[in-house]
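Observations on the three-dimensional arrangement
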Amino acid sequence: DGGITQSPKYLFRKEGQNVTLSCEQNLNHDAMYWYRQDPGQGLRLIYYSQIVNDFQKGDIAEGYSVSREKKESFPLTVTSAQKNPTAFYLCASSGGGKGKNIQYFGAGTRLSVL
Amino acid sequence: AQSVTQPDIHITVSEGASLELRCNYSYGATPYLFWYVQSPGQGLQLLLKYFSGDTLVQGIKGFEAEFKRSQSSFNLRKPSVHWSDAAEYFCAVAPSGDSNYQLIWGAGTKLIIKP
C-alpha cells in the first residue's frame, strides 16, 4: 500500500536534547512538508521541500531543522533551541502537475517534554 | 495576504441531522479549494477538492461542497450525519496557477455529534 509513514507515534524529549522525527513516503511524490499542530491553532508549516536536496522554511522554522537527501525521506529534527516543542507533528507529501496541491498525510507523531 | 476563515470553532449536530460547515477565503482569483477531515490523534484525510468546472463537488463519506465565487465561500455539507463523522474539519486553499505547492489552512471546525 502506498502512503506516508511517520515514526515514532509518541516521542519524549528531555531538556536540552535534540530529537528526530521520521517521515517516509512511497508515493513517488516530489514535495514533502512538516506541520505542527497545537490545539485550536490548526496547522502551521515548519519546513517544506519541493525537490531532493532543497528545502524552504515555513512560518515557524525556528528551533527545527530538516534534510532531504532522498526523495522518499524528509526527517525533522527538533533542536534544543525549540523551547516549547510539545505538539502533534504531521508530515505530508504531494505529487506533480495539478496534484501538486493535493497533500497526503501521515498519522502523526506526538512529542512531549519530560 | 491570503487567508482562510472557518468561523465556527465547534459545531454540535444531532445524529441524522444535516450539516453545513462554513469556509471563506481571501484571494483575488479563483483558488484551488480543499476540505480535509482529521479524526482524534490521526492524520488528515482529503474529503474533496475543487479545481474548476461544476461548482458542486462530491467527496467521500457522503460529503459535498459548493464553491460560490460571489461569496468567496466553499461550504461543506452532508444531508445526514452519523456518529462516525465526529472529527475536526479543515478547509484549505491553494493559489491556482502558482508554482508554490503550499496550502493555506483554516483553523478547523470541530464537529460534535449528539446521540
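Residues numbered from 1 in each chain as written. Chains lettered and ligands numbered in written order. Predicted model: local features only at pLDDT ≥ 70, side-chain atom pairs only at ≥ 80, totals over all residues. Heavy atoms only, no water.

**Structural notes on the overall build of chain B**
Assigned secondary structure in chain B consists of zero helices and 12 strands. If you list the helices and strands of chain B from N to C, you get β-β-β-β-β-β-β-β-β-β-β-β. By the compact-globule yardstick of 13 Å for 115 residues, chain B fits well, its C-alpha radius of gyration being 14 Å. Considered along the principal axes of its C-alpha atoms, chain B spans approximately 45 × 30 × 20 Å. The proportion of buried residues among the 115 residues of chain B is 45%. Contacts in chain B between residues far apart in sequence, at least 24 positions, make up 53% of those at least 6 positions apart. Carbon and sulfur atoms make up 48% of the accessible area of chain B, which totals about 5400 Å². (Helix = DSSP H or I, 4+ residues; strand = E, 2+ residues; numbered from the N terminus. Rg over C-alpha atoms; globule rule 2.2 N^0.38 Å. Buried < 20%, exposed > 50% of the residue type's maximum accessible area, 1.4 Å probe, protein only. Contact = heavy atoms within 4.5 Å. Areas by Shrake-Rupley, 256 points an atom, 1.4 Å probe, with all protein chains shown as cover.)

**Thoughts on the nonpolar core**
Counting residues in hydrophobic clusters, the biggest one holds 26 residues, and the most contacted among them are Leu19, Trp35, Leu47, Leu48, Phe74, Leu76 and Tyr89 of chain B. For this core, the secondary structure elements donating two or more residues are β2 (10-14), β3 (19-21), β5 (32-38), β6 (44-50), β8 (64-68), β9 (73-78), β10 (87-94) and β12 (109-114) of chain B. Aside from chain neighbours lying at most four places away, what touches Leu48 of chain B is Leu33, Phe34, Trp35, Val57, Gln58, Gly59, Phe63, Glu64, Ala65, Phe74 and Leu76 of chain B. If you look at the next biggest cluster of nonpolar residues, it comprises 23 residues, including Tyr35 of chain A together with Tyr32, Phe34 and Tyr101 of chain B. (Core = buried A, V, L, I, M, F, W, Y, C linked by side-chain atoms within 4.5 Å.)

**Concerning the pattern of salt bridges**
Think of it this way: side chains of opposite charge can pair up when their charged atoms draw near. By the definition in use, this model includes seven salt bridges over all chains. Across the salt bridge formed by Asp30 of chain A and Lys71 of chain A, the nearest N and O atoms sit 3.4 Å from each other. Here Asp30 of chain A is found in the loop between β3 (19-25) and β4 (31-37), whereas its partner Lys71 of chain A is found in the loop between β7 (64-66) and β8 (76-78), with 41 residues between them in sequence. For Asp30 of chain A, a relative accessible area of 32% corresponds to the partly exposed category. The residue Glu64 of chain B makes a salt bridge to Arg77 of chain B at a minimum N-O spacing of 3.2 Å. Of this pair, Glu64 of chain B sits in strand β8 while Arg77 of chain B sits in strand β9, and the two are 13 residues apart along the sequence. (Salt bridge = Lys/Arg side-chain N within 4 Å of Asp/Glu carboxyl O.)

**Some words on the packing of aromatic side chains**
Two aromatic rings, taken as a pair, are described by how far apart their centres are and by the angle between their planes. Residues and elements named next belong to chain A. Under the definition given, this model contains 17 aromatic pairs over all chains. Ring centres of Tyr33 and Tyr35 lie 6.4 Å apart, and the angle between their planes is 20°; on these two criteria the pair is classed as stacked. Residue Tyr35 is classed as buried on the basis of its relative accessible area, which comes to 2%. Plain terms: the ring middles of Tyr64 and Tyr89 are 5.9 Å apart, the flat faces sit at 65° to each other, and that makes the pair edge-to-face. Of this pair, Tyr64 sits in strand β7 while Tyr89 is found in strand β9 (residues 87-94), placing the two residues 25 residues apart along the sequence. (Phe/Tyr/Trp six-rings, centres within 6.5 Å; stacked < 30°, edge-to-face > 60°.)

**Looking at the interface of chain A and chain B**
Taken together, the contacts link 23 residues of chain A with 23 residues of chain B. Each partner contributes to the roughly 1900 Å² buried at the junction of chain A and chain B, and carbon and sulfur atoms together form 57% of this total. Three residues, Lys98, Lys100 and Asn101 of chain A, lead the burial of chain A against chain B; their summed loss comes to 29% of the area buried on that side. Linking chain A with chain B are zero salt bridges. Along the contact surface separating chain A from chain B lie four residue pairs in polar contact (both at pLDDT 80 or more). (Buried area = accessible area lost by both parts, 1.4 Å probe. Polar contact = N/O pair within 3.5 Å; in protein donor to acceptor, adjacent residues only side chain to side chain.)

**A short note on the pairing of β2 of chain B**
Residue and element names in this part refer to chain B. Of the two faces of β2, the one holding Ile11 and Val13 is buried and the one holding His10, Thr12 and Ser14 is not buried anywhere. Across five bridges, β2 lies against β12 in parallel orientation. Along β12, the bridge assignment pairs Ile11 with Leu111. (Pairing = 2+ DSSP bridges.)

**Here we look at the state of the cysteines**
Simply put, disulfide is the name for a covalent bond between the sulfur atoms of two cysteines. Residue and element names in this part refer to chain B. Taken as a whole and judged by the stated rule, the model has two disulfides over all chains. Cys23 shares a disulfide with Cys91; S-S distance 1.9 Å. With the S-S dihedral at roughly -65°, the linkage between Cys23 and Cys91 falls on the left-handed side. With Cys23 in the loop between β3 and β4 (24-26) and Cys91 in strand β10, this residue pair connects regions lying 68 residues apart in the sequence. (Disulfide = S-S within 2.5 Å.)

**Describing the pairing of β9 of chain B**
Residue and element names in this part refer to chain B. Most of β9 sits out of view: five of its six residues are buried. Inspection of the sheet shows β3 paired to β9 by three bridges, in the antiparallel sense. Along β9, the bridge assignment pairs Leu19 with Lys78. Where β8 lies against β9, five bridges are found, and the strand directions are antiparallel.

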